[in-house]
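Structural characterization, general
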Amino acid sequence: MAEVTLDLRGQPKAEAYAELKTHALAILEGVDDDICAMATMSCLLHHAFGHLWTGFYRVVTPGKLLRVGPYQGTLGCLEITFGKGVCGTSAAKGESVVVADVHAFPGHITCDGRSASEIVVPVYGRNRELLAVLDIDSEHKNTFDDVDRAALEDLVSWFQHRTA
Ligand code: SME
């Protein structure tokens, strides 16, 4: 296993994500465990980009309830109802949500007052069932764009397409 935690700050975003994906796939080769993969991706993303909070909310009651999973950062709230906050909105719609300014997002759930922008990406399993959402929060406004969205959707497609 390539036991290195990359710091990719300073690299162009698309290149950084490409390197991160190659690294993550090598580490997760042969893995068939959602929590193990969520923990590994949280760690790699968090340290690669240095955002405020990086982690997963898992679907514990389909269509109803998310519960926090592996993450890096300050204390995350434990449960989020589908439809609530950015995570619950992404889960309910089954779509990525990019928020340039969390203070302008109605119903945003504040876990860390420093959070200013965020991206939430749905995570699907082998049968296209919603397993979780990946949530990344930034201290700065306008941090995330379509490059992040596409790269993160591609990274978490591991859960749907893994070979192990
Ligand atoms: N920002 C999220 C809540 C989760 S935390 O920030 C870790 C939301 O509004 O869904």
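Structure first, text after, so check above.
Here goes a summary of the coordinates provided. (Residues numbered from 1 in each chain as written. Predicted model: local features only at pLDDT ≥ 70, side-chain atom pairs only at ≥ 80, totals over all residues. Heavy atoms only, no water.)

Quick word on the site of the ligand
To keep things clear, this is the line we draw: Each residue is tested against the molecule or strand, and it is near if at least one of its non-hydrogen atoms lies within 4 Å. Side-chain atoms alone can form a polar contact between residues adjacent in sequence; in general such a contact is a pair of N or O atoms within 3.5 Å, and within protein one must be able to donate a hydrogen while the other accepts it. A 1.4 Å probe and the Shrake-Rupley method give the accessible areas. Residues count as covered only by the protein chains that appear here. Each helix corresponds to a stretch of at least 4 residues labelled H or I by DSSP, and each strand to a stretch of at least 2 residues labelled E; elements are numbered beginning at the N terminus.
If you check the shell around the ligand, you find Trp53, Tyr57, Ile80, Gly85, Val86, Cys87, His108, Ile109, Cys111, Glu118, Asp135 and Asp137 and nothing else. In the model, an oxygen atom of the ligand is placed 2.9 Å from a nitrogen or oxygen of the Val86 main chain. A distance of 2.8 Å is found between a nitrogen atom of the ligand and a side-chain nitrogen or oxygen belonging to Glu118. Against a free-state accessible area of 310 Å², the protein chains account for coverage of 99% of the ligand. Those elements that place two or more of their residues in the shell around the ligand are strand S1 (53–61), helix H3 (85–93) and strand S6 (130–138). When residues in the shell around the ligand are grouped by element, the largest group, 3 residues, is from H3.

Regarding the nonpolar core
To keep things clear, this is the line we draw: Within this scheme, the nonpolar core is defined by two criteria: the residues are buried Ala, Val, Leu, Ile, Met, Phe, Trp, Tyr or Cys, and they are joined through side-chain atoms within 4.5 Å. The buried label applies to any residue whose accessible area, calculated with a 1.4 Å probe on protein chains only, is under 20% of its type's maximum; exposed applies above 50%, and partly exposed to all values in between. Throughout, a residue-residue contact means that at least one pair of heavy atoms, one from each residue, lies within 4.5 Å.
With 31 residues, the main nonpolar core has Leu45, Phe56 and Phe159 as its most contacted residues. Looking at this core, the elements with two or more residues in it are helix H1 (13–27), helix H2 (34–49), strand S5 (117–124), S6, helix H4 (146–156) and helix H5 (158–161). Among the elements that line this core, the one with the most residues is H2, at 7 residues. The residues touching Phe159, leaving out its near neighbours within four places in the chain, are Asp34, Ala37, Met38, Met41, Phe56, Val123, Tyr124, Gly125, Arg126 and Leu131. In this structure, Tyr57, Leu66, Tyr124 and Leu130 belong to the second largest nonpolar core, which totals 18 residues.

Looking at the environment of Ile119
Relative to the helices and strands, Ile119 resides in strand S5. Under the relative-accessibility criterion, Ile119 is labelled buried at 0%. Separated by 65 residues in the primary sequence, Ile119 and Thr54 have C-alpha atoms spaced 9.8 Å apart. With sequence-adjacent residues up to four places away left out, Ile119 is seen in contact with Val97, Val98, Leu134, Asp135, Ile136, Phe144, Asp148, Arg149 and Leu152.

Take it as geometry only, folks, not as evidence of what the structure does.
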